Amino acid sequence: MAANIPPERPLPAPPPTPATLAERLDDAIVRHRQGDLADAERRYREILALDPAQPDALHLLGVVLHQTGRHEAAVDLIRRALAIVPDDANAHSNLGLALRRLGRPVEALASFDRALALRPAHGGTLRNRGDALMAMERYADALASYDRSLAAVPDVADTHFGRGNALAALHREHDALASYDRALLLQPGHAAALKHRGDALAALGRHGDALSSYDRALALEPDDAGAQNNRGNVLLDLARPDEALASYDRALALAPDDVETLVNRGNALLALNRNDAALASYDRALARAPGSAAALYNRGNALWDVKRHGEALASYDRALAVAPTYADAWSNRGNVLLEMKRYDEAALAFARVVALEPGHAWALGNLAACRQHGCEWDDVAMLTPRIAEAVERGERAALPFAFLALSPSPAAQLACARIHVAATHAGASNPLWTGQRYAHDRIRVAYLSGDFHEHATAYLMAGLFEAHDRQRFETTAASFGPDTGDAMRDRLRRAFDRFVDVRGMSDRDAARLLREMEIDIAVDLKGFTRDSRPGILAHRPAPVQVSWLGYPGTMGAGWIDYIIADARVIPAAADVHYAERVVRLPDTYQVNDRTRRIDERTPTRAECGLPESGFVFCSFNNSYKITPDVFDVWMRLLTRVPGSVLWLLEGNATAARNLRREAERRGVAPERLVFAPRMPAALHLARHRLADLFLDTLPVNAHTTASDALWAGLPVLTCVGVAFAGRVAASLLDAVGLPELIVDRLADYEARALELATTPAALSALRDRLARNRTTHPLFDTDRFRRHLEGAYVMMRERAERAERGEAPTSFGVASLPPS
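Values in this document were obtained by computation on a predicted structure and should not be read as measured data.

Thresholds applied
Residues numbered from 1 in each chain as written. Predicted model: local features only at pLDDT ≥ 70, side-chain atom pairs only at ≥ 80, totals over all residues. Heavy atoms only, no water. Pairing = 2+ DSSP bridges. Helix = DSSP H or I, 4+ residues; strand = E, 2+ residues; numbered from the N terminus. Contact = heavy atoms within 4.5 Å. Axes fitted to C-alpha atoms, helices over the stretch in contact; angles between N-to-C directions. Disulfide = S-S within 2.5 Å. Buried < 20%, exposed > 50% of the residue type's maximum accessible area, 1.4 Å probe, protein only. Expected span 1.5 Å × (residues − 1). Parallel < 35°, antiparallel > 145°, perpendicular 65-115°, else oblique. Left-handed = near helix turned anticlockwise from the far one by under 90°. Nonpolar A, V, L, I, M, F, W, Y, C, P; charged D, E, K, R; others polar. Phe/Tyr/Trp six-rings, centres within 6.5 Å; stacked < 30°, edge-to-face > 60°. Lys NZ or Arg CZ within 6 Å of the ring centre and 35° of its normal. 1 Å grid on protein atoms, 1.4 Å probe; cavity = no way out; pocket = protein on both sides within 12 Å on 5 of 7 lines; lining within 4 Å. Points joined across faces, edges and corners; volume = space filled by probe spheres on them. Core = buried A, V, L, I, M, F, W, Y, C linked by side-chain atoms within 4.5 Å. pLDDT = per-residue confidence, 0-100. Salt bridge = Lys/Arg side-chain N within 4 Å of Asp/Glu carboxyl O. Right-handed = clockwise from strand over helix to strand, strands pointing away.

Undergrad: How would you summarise the sheet that holds strand β2 (residues 473-479) if you had to cite specific residues and measurements?
TA: Across the sheet, eight strands lie side by side as β3-β2-β1-β4-β5-β6-β7-β14; this open sheet has parallel pairing. With partners counted over all chains shown, the strands left at the sheet margins are β3 (498-501) and β14 (812-813), one partner each. Where strand β1 (residues 443-449) meets β2, seven bridges bridge the pair, whose relative direction is parallel. Looking at β2, one finds that Leu448 is bridged to Ala478. Most of the contacts of helix α26 (residues 487-495) go to β3, to which it runs at about 125°, and overall it touches β2 and β3.

Undergrad: Requested: an account of the state of the cysteines, with residues and values cited.
TA: Counted according to the given criterion, the structure contains zero disulfides. Here Cys370 is not disulfide-linked; the sulfur of Cys375 is the nearest cysteine sulfur, at 13 Å. A relative accessible area of 2% places Cys370 in the buried class. Left without a disulfide partner, Cys719 is nearest to the cysteine sulfur of Cys618, which lies 18 Å away.

Undergrad: Quick rundown of helix α7 (residues 123-135)? Include the residues and the values.
TA: Taking 1.5 Å of rise per residue, the 13 residues of α7 would be expected to cover 18 Å, and the 19 Å separating its terminal C-alpha atoms lies within 8% of that figure. Those residues of α7 that are buried are in contact with α5 (89-101), α6 (105-118), α8 (139-152) and α9 (157-169). In the segment just after α7, Glu137 is the residue with positive phi, at about 65°.

Undergrad: Mind laying out the side chain of Ser179, listing which residues take part and the relevant values?
TA: Summarising the element assignment, Ser179 is placed in helix α10 (residues 173-186). Look at Ser179 and you get buried, because its relative accessible area is 3%. For Ser179, the contacting residues outside a window of four places in its chain are His160, Arg163, Gly164 and Leu167.

Undergrad: So what's going on with the sheet that holds strand β8 (residues 616-619)? Which residues, and what values?
TA: Taken in spatial order, the six strands make up an open sheet running β10-β9-β8-β11-β12-β13, and their pairing is parallel. Looking at which strands have only one partner, the edges of the open sheet turn out to be β10 (673-676) and β13 (742-743). Sheet topology note: the strand β9 (residues 645-649)/β10 ladder contains four bridges and is parallel. Bridge pairing in β10 places Trp647 opposite Val674. Along the sheet, helix α34 (residues 746-758) makes contact with β8, β11 (693-695), β12 (716-719) and β13, crossing β12 at roughly 165°.

Undergrad: Describe the packing of helix α20 (residues 343-356) against helix α21 (residues 363-373), with residues and values.
TA: Helix packing for two helices is described by the angle between their axes and how far apart those axes are. The interhelical angle for the contact between α20 and α21, taken along N-to-C directions, is 155°, at an axis separation of 9 Å. The angle between α20 and α21 places the two elements in the roughly antiparallel class. For the pair α20 and α21, the crossing hand works out as left-handed. Residue-level contacts link Tyr343, Asp344, Ala346, Ala347, Phe350, Ala351, Val353 and Val354 of α20 to Ala363, Leu364, Asn366, Leu367, Cys370, Arg371 and His373 of α21. Residues that form the contact of α20 with α21 fall into these classes: eleven nonpolar, two polar and two charged.

Undergrad: Describe the packing of aromatic side chains, listing the residues and the values that go with them.
TA: Counted under the stated rule, the structure contains 21 aromatic pairs. Look at Tyr297 and Tyr316: their rings are 6.0 Å apart centre to centre, the planes differ by 40°, and that puts the pair in the tilted class. A residue pair is termed long-range when its members are at least 10 positions apart, and Tyr297 in helix α17 (residues 293-305) and Tyr316 in helix α18 (residues 309-322) qualify at 19 residues. For Tyr316, a relative accessible area of 0% corresponds to the buried category. Each residue in the set Tyr447, Phe452, Phe465, Phe496 and Phe499 is aromatic and connected to the rest through ring pairs, giving one cluster. Taking the ring centre of Phe620 as reference, the NZ or CZ of Arg687 above it sits at 5.4 Å. The side chain of Arg774 reaches across the aromatic face of Trp711, ending 4.1 Å from its centre.

Undergrad: Give me the lowdown on the packing of helix α2 (residues 37-50) against helix α3 (residues 55-67), citing residues and values where you can.
TA: Across the interface, α2 lies against α3 with an axial gap of 9 Å and an inter-helix angle of 150°. Between α2 and α3, the angle is such that the two are roughly antiparallel. Considering the relative orientation of α2 and α3, their crossing is left-handed. From α2, Leu37, Ala40, Glu41, Tyr44, Arg45, Ile47 and Leu48 reach across to α3, where they touch Ala57, Leu58, Leu60, Leu61, Val64, Leu65 and Gln67. In terms of residue class, the contact of α2 with α3 is built from eleven nonpolar, one polar and two charged.

Undergrad: So what about the layout of surface pockets? Which residues, and what values?
TA: Roughly 360 Å³ of internal volume is contained in the second largest pocket. For the lining of the second largest pocket, the secondary structure elements donating two or more residues are α22 (377-392) and α29 (628-640). For the lining of the second largest pocket, the element with the highest residue contribution is α22, accounting for four residues. For the lining of the second largest pocket, a count of residues per class yields twelve nonpolar, four polar and one charged.

Undergrad: Before we move on, can you summarise the nonpolar core with the specific residues and values?
TA: Within the largest apolar cluster, 120 residues are counted, with the highest numbers of intra-cluster contacts made by Tyr447, Trp548, Trp647, Tyr793 and Met796. When sequence neighbours within four positions are dropped, the list of residues in contact with Trp647 reads Cys608, Leu610, Val616, Phe617, Cys618, Ser619, Phe620, Val674, Ala676, Arg687, Leu690 and Ala691. The next biggest cluster of nonpolar side chains, apart from the first, holds 67 residues, and it includes Tyr214, Val234, Leu245 and Ala329.

Undergrad: Before we move on, can you summarise the confidence of the model for the protein chain with the specific residues and values?
TA: Chain-level statistics for the protein chain give a pLDDT mean of 95 and a share of 97% at 70 or above. Below a pLDDT of 50 lies the segment residues 1-13, which in the model reaches zero contacts outside its immediate sequence neighbourhood of four places, other chains included.

Undergrad: Break down the pattern of salt bridges for me, citing the residues and quoting the values.
TA: Scanning all chains against the criterion turns up 65 salt bridges. Residue Glu395 pairs with Arg393 through a salt bridge whose shortest N-O separation is 2.8 Å. The exposure class of Arg393 is exposed, given its relative accessible area of 54%. Between Arg636 and Glu750 there is a salt bridge whose closest N-O contact spans 2.9 Å. In this pair, Arg636 sits in helix α29 while Glu750 sits in helix α34, placing the two residues 114 residues apart along the sequence. Overall, the relative accessible area of 11% leaves Glu750 in the buried class.

Undergrad: Lay out α21 in plain terms, naming residues and giving numbers.
TA: Counting buried positions over the eleven residues of α21 gives eleven, a clear majority of the element. Listed as buried for α21 are Ala363, Leu364, Gly365, Asn366, Leu367, Ala368, Ala369, Cys370, Arg371, Gln372 and His373. Elements that come into contact with the buried residues of α21 comprise α19 (327-339), α20, α22, α23 (400-404) and α30 (653-665). Where α21 ends, the next residue or the one after it, Cys375, has phi of about 55°, a positive value.

Undergrad: How would you summarise the environment of Asp483 if you had to cite specific residues and measurements?
TA: Residue position: Asp483 is located in the loop between β2 and α26. A relative accessible area of 40% places Asp483 in the partly exposed class. In the structure, Asp483 is positioned 20 residues away from Arg503 in sequence and 9.4 Å away in space, judged by C-alpha atoms. With near-sequence residues (within four places) excluded, Asp483 lies in contact with Arg489, Arg493 and Arg503.

Undergrad: Break down the pairing of β8 for me, citing the residues and quoting the values.
TA: The alternating pattern of β8 places Val616 and Cys618 on one face and Phe617 and Ser619 on the opposite face, and all of these are buried. In this structure, β8 lies alongside β9, joined through four bridges in parallel fashion. The residue of β9 that forms the bridge with Ser619 is Leu648. After leaving β8, the chain enters α29 and then returns to the sheet as β9, a path that is right-handed. Note: β8 against β11, two bridges, orientation parallel. Bridge pairing links Cys618 to Phe694 in β11.

Undergrad: Would you mind going over unusual backbone geometry in detail, with residue names and values included?
TA: The peptide bond linking Leu698 to Pro699 adopts the cis configuration, its omega dihedral lying at 15°. Within the element layout of this structure, Pro699 appears in the loop between β11 and α32 (704-711). Look at His171: it is not a glycine, yet its phi comes out positive at around 60°. Here His171 shows up in the loop between α9 and α10. The class of His171 is exposed, set by a relative accessible area of 64%.

Shown next as structure tokens:
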């Protein structure tokens with residue numbers, strides 16, 4: 001058997017000379033500079049196999065590893081090089097780059113500072129130092145570092161880009177934009193600069209320009225999920241939620257688990273009124289990040305939108321458990337509680353918002369509204385001047401509807417409305433109607449409302465809708481309120497030529513439907529009241545767009561052409577305080593349905609909690625309309641009319657408690673205030689027969705409430721205010737022929753009320769006259785009102801046609817027609 005002979009081994013080569021190592025290093029560096037990282041790495045490793053302590057090979061191999069994403073190993077190699085050559089500025093700088101990529105900006109900053117101590121004016125290191133400071137949120141220091149870098153090397157696109165990021169983080173968006181533009185001048189294909197430029201433009205409210213910048217960025221880097229997400233945000237701001245949704249979906253195709261994009265996608269779906277899909281998107285985000293405060297907050301918004309109040313509150317509470325200083329979550333928690341009439345709790349939420357962010361949109365006004373509903377007058381008195389001053393400065397201090405009860409100034413109300421429109425509807429800039437001429441045999445009128453069911457507005461209007469001249473007008477109801485299935489809903493469905501439910505549509509889709517129907521005149525019946533959708537008309541679907549009835553003030557919007565009023569609610573001198581042109585009807589702006597049923601049976605005083613005898617002053621206005629000045633008058637009347645009581649609507653327990661306390665403070669026994677619970681309309685009208693005199697409020701009058709009283713035969717005493725909301729009852733009394741119940745000063749109001757309460761014959765004569773006038777005067781003449789309104793519509797269309805020929809539309813009045 002042959003022996004096992006080991007194989008022959010080659011003799012070892014002689015150790016390389018320094019010149020040979022230097023040549024190998026030069027070759028490796030050439031390959032490195034050419035971008036052949038794999039070959040450079042192989043060559044550096046060969047050198048280190050020959051000389052493990054070669055500092056340049058250690059350093060540069062570390063750079064290759066950093067460039068190929070192996071940052072931990074890169075840090076180890078560069079530190080080994082620095083242990084050999086401690087004063088290598090390049091190595092310190094590159095060590096900083098690797099540390100920053102590892103998310104260790106403090107150590108990175110120390111490395112950059114060490115490099116700069118060795119080479120103080122190195123532009124690249126100063127730029128990288130700025131990047132580290134940005135990661136540490138030391139934005140001002142980062143800006144200084146970028147500026148030092150640019151002083152050394154002025155024309156480096158990445159440095160201008162970094163500087164722009166620092167300025168944007170410091171909320172200096174105008175300056176940031178200039179830096180991004182400089183970066184792009186130096187490097188037109190700098191996709192990141194285009195993306196961040198879009199962010200700065202969006203922050204400046206220049207949404208169209210921002211969209212263009214994102215599109216340019218995405219043309220260069222189509223797979224940038226962040227740019228797609230931000231593009232979606234801008235489209236959402238531009239009121240183009242369908243396009244925003246498509247952009248978010250493209251972002252999610254690239255980054256399926258991105259929580260921010262899932263939340264934003266939910267917001268787009270919510271704007272499209274696709275609430276179930278929105279909730280699903282938020283739930284997907286929460287499945288990936290259960291503690292996402294943004295997802296929980298927006299989920300609460302979706303639940304609030306469909307009136308699932310308890311679930312909405314729970315979602316906001318979860319968001320606040322994660323982020324206790326989340327002002328938006330506190331604000332919308334307050335909004336839900338306000339809608340639930342839990343005013344004390346809502347006020348606490350809004351007070352928290354104000355403490356966290358004193359300038360938070362609408363928070364001061366919402367806090368004041370809660371206190372008004374609860375008759376917490378000391379708080380209201382403290383908040384009112386702050387809100388008025390903020391509105392004067394152009395701040396988003398109060399929603400327009402809440403502001404009506406805070407300021408009697410028509411000029412201030414216009415300013416408040418304009419602030420709101422600019423903040424919430426600026427994106428609807430592409431009108432759907434662009435001057436097309438329609439040739440319809442009948443004028444097509446669309447009424448937009450969420451109140452086409454058992455609601456005060458429907459009680460006023462149902463008879464009008466039924467009475468419209470079908471030979472001349474084609475009517476459409478665009479309903480965005482609940483389908484209650486009640487008797488009024490069924491009646492209204494029959495009253496219109498078309499009844500379309502747009503609840504599930506976005507504002508733009510609903511507007512597009514009106515445009516496709518070729519509506520001539522679109523009438524918004526909600527204005528800025530609860531659950532309104534002014535965004536539909538913001539898309540300009542019709543040649544003529546009108547505000548009427550639901551909102552007693554200007555909408556401050558360029559896309560509302562007319563407001564329907566009368567000479568009492570908007571005197572001619574007040575036109576300057578309305579963004580709309582004023583159409584004055586001859587009797588009153590308020591329509592009434594003369595077929596409204598009053599229950600035949602009048603309840604007993606005992607059934608209503610009233611004493612068996614004694615004068616009954618009544619005010620069934622909402623509690624937020626009651627002010628200390630008016631309440632003072634009421635309490636003096638009770639004092640001077642023995643045995644009298646004040647009968648009020650039972651709105652909420654807080655108001656009842658506070659009003660009784662305020663009565664006692666004024667020397668009136670609290671039991672002389674009697675609170676009436678809410679009840680069905682016919683029964684509510686019937687119980688008016690138990691009252692002797694309805695006392696109006698100021699600065700916001702009774703509106704439908706005054707018509708209720710007059711229809712039921714109860715005289716209404718009013719004091720005329722300055723703005724529309726404080727002049728409505730006077731308009732109604734004019735139209736029912738009782739001008740002696742209209743006064744201009746609270747002192748006269750008090751004197752007239754006392755006179756009527758202590759002169760039974762005078763009050764009885766007024767009641768008798770009201771009973772006659774109900775059927776003979778214009779207030780409850782539905783058909784006379786219908787003819788006046790239709791005359792206004794004809795004039796609106798004629799003026800629109802003249803406007804197309806260059807004639808500017810103006811305010812106008814409708815000539816009075818004879819009784820029906």
